[in-house]
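# Structural overview
Now for the letters of each chain:
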2 protein chains.
Amino acid sequence: MAKQKKAPRPKAVTPKGFRDFFGAEVTQRAEMLRTIAGVYHRYGFEALESSAVETVEALGKFLPDVDRPNEGVFAWQEADVPGGGGGDWLALRYDLTAPLARVYAQHRNDLPTPYRRYAMGPVWRNEKPGPGRFRQFYQCDADTVGSGSVAADAEICAMLADTLEAVGIPRGDYVVRVNNRKVLNGVLEAMGLAEDEERSAAVMRTIDKFDKVGEAGVRELLGKGRLDASGAYIDGVGLSEEQVERVVGYLKAKEETANYLVTPTAYDEQGDVSTELRLQAEYLRSDELPETVGEQRVEGQSALLGHLQGLVGDSAEGKQGLDELAQMADLLEAGGYGPDRIIIDPSVVRGLGYYTGPVFEAELTFEITDEKGRPRQFGSVAGGGRYDDLVKRFTGQEVPATGVSIGVDRLLAALHAKGRIQGETQGPVVVTVMDRDRMADYQKMVAELRAAGIRAEVYLGNPKNFGNQLKYADKRNSPVAIIEGGDEKEKGIVQIKDLVLGAKIAETASLEEWKDRPSQFEVPRDQMVAKVQDILKGQGQ
Amino acid sequence: MAKQKKAPRPKAVTPKGFRDFFGAEVTQRAEMLRTIAGVYHRYGFEALESSAVETVEALGKFLPDVDRPNEGVFAWQEADVPGGGGGDWLALRYDLTAPLARVYAQHRNDLPTPYRRYAMGPVWRNEKPGPGRFRQFYQCDADTVGSGSVAADAEICAMLADTLEAVGIPRGDYVVRVNNRKVLNGVLEAMGLAEDEERSAAVMRTIDKFDKVGEAGVRELLGKGRLDASGAYIDGVGLSEEQVERVVGYLKAKEETANYLVTPTAYDEQGDVSTELRLQAEYLRSDELPETVGEQRVEGQSALLGHLQGLVGDSAEGKQGLDELAQMADLLEAGGYGPDRIIIDPSVVRGLGYYTGPVFEAELTFEITDEKGRPRQFGSVAGGGRYDDLVKRFTGQEVPATGVSIGVDRLLAALHAKGRIQGETQGPVVVTVMDRDRMADYQKMVAELRAAGIRAEVYLGNPKNFGNQLKYADKRNSPVAIIEGGDEKEKGIVQIKDLVLGAKIAETASLEEWKDRPSQFEVPRDQMVAKVQDILKGQGQ
């Protein structure tokens, strides 16, 4: 009989679009989530952790950020139910908002109203992976369900500002931009597009691109079309000249307030963003800041709202949106959240999804250097808004809700780019193995070190080659290695190597400056822990 | 045209076997994971977070704890790849060990050897849900990959003991039981079952049941069979009398060491566990503990190992297992982990899975009361062992590895059962809304409270009914409510209600003892924060 062919070895790879996180990547994110949870908690929000898996029915087949509603979810069918019929379709959650709607509908009789909850964890998108585009990523949300008051929206904007500062983005390096979808809808109504969903959507997409293509680009996109940077021709929306003017007027409304330190205005045609926002932020932090900034803001705001008033015309929805914006501005002012942190910006759209009122996003205003060495602004790290229809799907009752989602991975990337967090963690003290029969002695050493709160381990690889043990300590970024061979044991001492100092000496051409500072010490065995503590202290641990 | 029928409303339910966690359930688990990560880190382990989704190929179609290898995983196929052929099969991870093997095989050239990593997060099992059986649950693992030394196993047992104490299980309330699969295999070999996989597996399953069915039960199960408590007849393994004696001798080996304070022995026939372990642990902590406990342990251990020696006969594997157990015992002794924490126990089997050498599990030894009011021992909360073949699947090279997995949810349940953690968290200070036009004033109040580090919020529901606002504060478990109506505003004061004291007064029949302690205070507006701080301090916050 022929021998059966062996199955080929499995490939050791993550599925496309998924990735692994190591060491500091994990602990820094955990620390950031903990900090954010602390702020959310202080604002009265309670933790919720819903299951990662939902029924497709409960999730609804839509995503907030994509145009095509039936894609983007990892789903599978449960095994057949005994007694006939196929099983439920299940899916991985694609965000934390759809599960919140399900949880609130399911438990509404036990939950307080309003229900303030925060949630953090991975979400999954079945999208085509690409560079920087992953199919599993973290979200960190806070939502208030059951309150229709714009005070709920204002509070979430304030909390977003506090959160960014808590994780290490100083005031001036970020701005929270606020708008209201009702104002946008009012402008569309005034343009005669209230019933034209397709063109309304196209206009909103174009407004969303203002920061990238500038005024001239918007004019082209709304009119006859535009040749983009790659040479492709993009069809225009085909609006009349008067309609185009209204949109451009809307987008330029924020210039009205530019004199009042409000928001960046000019972006050049190449899509490179200007540094105006950053300069404004610097100015706001500087000593030149006039005492009257609060008054200026109120003036600027009035000017902006007045200008928008003209653009929404007689639209009742538009007027309501402007009223809500004005209320939010007052509430934020009262809470001490000035224009150096939160501004009104009519160009904020937040996708085509489910938002029904206030929308907001947080942008980091500092520049980073991209892979080609060019300066770039970092961009958006969080966003959210009011959505009043999600719970209704389940219960038939309209339940007003508003919330924010923070992109934790982007925020971490920003802190790395600014050098505010380090890429590597300190390794353990490594107790080397000189004599494999004396493992119990070495185990006793690490037990003592750990009992003193020092991170420590015995080398557990093959101890034959001592060089490999030091290479291991180096790879682990260890601060100290401990050596106890037969001679040391007999003399009742141990050798302690300061690996940080050792590396410095190795880097220095002249040994002159180190000659009085040896990097290896001989100490009595019973002083080992104290000496290691000394060395770690000297290294700034 | 007939109106299209509306789709029925989706049901707001979790899929079967999944659940949601609220408030303290989430934060207490997060706190426990953080504590555990702290211990793992001190032992030199690095964090790893692999993706939740793996290719089915990389996971392998087996689970460690079930007999049938092809079940138990949530899997789905990727959409067809353009250009022909179906997509990969993907699946949710069912544990954290299979992904570790994949990660190590994928990144082995960049990782240090040995690679010590910890991981924590949900895993998913596609099993039939039932009471207390969920399809998503947390695991919290630590593994050392690339070390064949039993020092690695001993260290993980020590770390497990430290971890349990760190999360709040005091010494004496737990025991880590250690065994070695090679000893088991040696006994099976000596019984002539080396080639009889089926009956070997049946013997191991029976040994696993010793704690539940006792000696007589084991005899029946190994011989002709047994009528279980529910009245069902369970077929026996059909061993000869001599073979049965050897297994019983093996299981009773630990009695040899009973005089040396090692492990519980007698369980009664009804499956109720004895309290011996707990009594032993109490004795070990008591003042009666003889100075010679260390020596006694060594003696007890020698007796146990000597007894087992007779049972493995000439089996080389059995002898090696005993040698490894003896080494581990020495290493643990050296690290100060005595029999009040870690014991050798031949009845530990750890399923039928992939373990190849040392196996261990942590058991909580205190009693809890079950839903029917009967005392029960809490049982196992963690387990692990050595598995040397998992990486080989990918690379062809054998890579020795050992690790432990802690059942975080069970551990939390244990702490709740012992009353060591509270079920509810403190709610926020609630600023009530007396005048909805003065929301900005109330917002300013919470901003001040939060700036002082006090958890606080404005009531964001409909403010019309003041009673509802206080009901809300009650439901949130709020310590304090603040009231500022028109009168108070005019007088420049606020009313502060101590809700904790108020509840106490309401509970007391006589108001006598409270008459000098009002639960509501009138303070100048600018002393609001200070007064709230006072009250919280008095409440023990």
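Structure's up top.
Now for a look at the structure at hand. Here the structure is a predicted model, which means the values were calculated and not measured.

Next up on the list: the environment of A101(B). Residues and elements named next belong to chain B. Structurally, A101 is set in helix α3 (residues 97-107). Of the residues examined, A101 reaches a relative accessible area of 5% and is grouped as buried. Here the alpha-carbon distance between A101 and V408, two residues 307 residues apart in the chain, equals 22 Å. Once residues within four sequence positions are removed from consideration, A101 is found in contact with L390, V391 and F394.

This brings us to the sheet that holds strand β18 (residues 493-498) of chain A. Residues and elements named next belong to chain A. If you walk across this open sheet you meet the 5 strands as β16-β15-β17-β18-β19, and the pairing is mixed. Each edge of the open sheet is held by one strand with a lone partner, namely β16 (456-458) and β19 (520-524). Direction aside, neighbouring strands of the sheet carry axes that sit 25 degrees apart on average. Relative to β16, strand β15 (residues 429-431) is paired through 3 bridges, and the arrangement is parallel. Residue pairing for β16: V430 is matched across the bridge by E457.

Before going further, it helps to spend a moment on the packing of aromatic side chains. One pass over the structure, following the stated rule, counts 18 aromatic pairs over all chains. Measuring from centroid to centroid gives 6.4 Å for W124(A) and W124(B), while their planes differ by 80 degrees, and the two rings are edge-to-face. Within this pair, whereas W124(A) is found in strand β6 (residues 115-124), its partner W124(B) is found in strand β6 (residues 115-124), the two belonging to separate chains. No difference in accessibility class separates W124(A) from W124(B), as the two residues are buried. Their ring planes at 45 degrees and their centres at 6.3 Å tell us that F366(B) and F378(B) sit as a pair that is tilted. A residue pair is termed long-range when its members are at least 10 positions apart, and F366(B) in strand β12 (residues 358-369) and F378(B) in strand β13 (residues 375-386) qualify at 12 residues. For F366(B), a relative accessible area of 1% gives the class buried. F378(B) sits in the buried class, given a relative accessible area of 11%. Through a chain of ring-to-ring contacts, three or more aromatic side chains come together here, namely F18(A), F74(A), W76(A), F18(B), F74(B) and W76(B).

One pass over the structure, following the stated rule, counts 76 salt bridges over all chains. A salt bridge links E324(B) to K182(B), with the shortest nitrogen-to-oxygen separation between them at 2.7 Å. Of this pair, E324(B) sits in helix α11 (residues 316-335) while K182(B) sits in helix α5 (residues 181-190), and the two are 142 residues apart along the sequence. Through salt bridges with shared partners, a single ionic network connects E46(A), R116(A), E155(A), R450(B), R455(B), E457(B) and R476(B).

What follows covers unusual backbone geometry. Residue and element names in this part refer to chain A. Cis geometry is adopted by the peptide bond preceding P114, which originates at T113 and carries an omega value of -5 degrees. Relative to the assigned elements, P114 resides in the loop between α3 (97-107) and β6. Phi is positive for N477, which is not a glycine, with a value near 60 degrees. Secondary-structure assignment places N477 in the loop between α15 (466-475) and β17 (480-483).

Here we take up the interface of chain A and chain B. Contacts between chain A and chain B engage 97 residues on the former and 97 residues on the latter. Across the interface of chain A and chain B, roughly 7,900 Å² is buried in total on both sides, 55% from carbon and sulfur atoms. Our enumeration of links across chain A and chain B arrives at 16 salt bridges. Two residues, R135(B) and E78(A), come together in a salt bridge whose shortest N-O distance is 2.7 Å. Between chain A and chain B we count 46 residue pairs in polar contact (both at pLDDT 80 or more) in total. Broken down by element, the side of chain A that touches chain B gets its largest block of residues, 7 residues, from helix α1 (residues 24-42) of chain A. Considering only residue class, the side of chain A that touches chain B consists of 44 nonpolar, 25 polar and 28 charged.

Time to look at the relation of the copies chain A and chain B. For the pair chain A and chain B, the superposition axis carries a translation of 0.0 Å, the fit reaches an RMSD of 0.1 Å, and the rotation angle comes to 180 degrees. Expressed as an axis order, the relation between the two copies is that of a two-fold axis. Scanning chain A for the C-alpha nearest the rotation axis identifies W76(A), at a separation of 2.8 Å. When the interface residues of chain A are mapped onto chain B, 99% of them again lie at the interface, so the same face is used by both copies.

Parameters at a glance
- Residues numbered from 1 in each chain as written.
- Chains lettered and ligands numbered in written order.
- Predicted model: local features only at pLDDT ≥ 70, side-chain atom pairs only at ≥ 80, totals over all residues.
- Heavy atoms only, no water.
- Helix = DSSP H or I, 4+ residues; strand = E, 2+ residues; numbered from the N terminus.
- Buried < 20%, exposed > 50% of the residue type's maximum accessible area, 1.4 Å probe, protein only.
- Contact = heavy atoms within 4.5 Å.
- Pairing = 2+ DSSP bridges.
- Axes fitted to C-alpha atoms, helices over the stretch in contact; angles between N-to-C directions.
- Phe/Tyr/Trp six-rings, centres within 6.5 Å; stacked < 30°, edge-to-face > 60°.
- Salt bridge = Lys/Arg side-chain N within 4 Å of Asp/Glu carboxyl O.
- Buried area = accessible area lost by both parts, 1.4 Å probe.
- Polar contact = N/O pair within 3.5 Å; in protein donor to acceptor, adjacent residues only side chain to side chain.
- Nonpolar A, V, L, I, M, F, W, Y, C, P; charged D, E, K, R; others polar.
- Least-squares fit on C-alpha atoms with pLDDT ≥ 70 in both.

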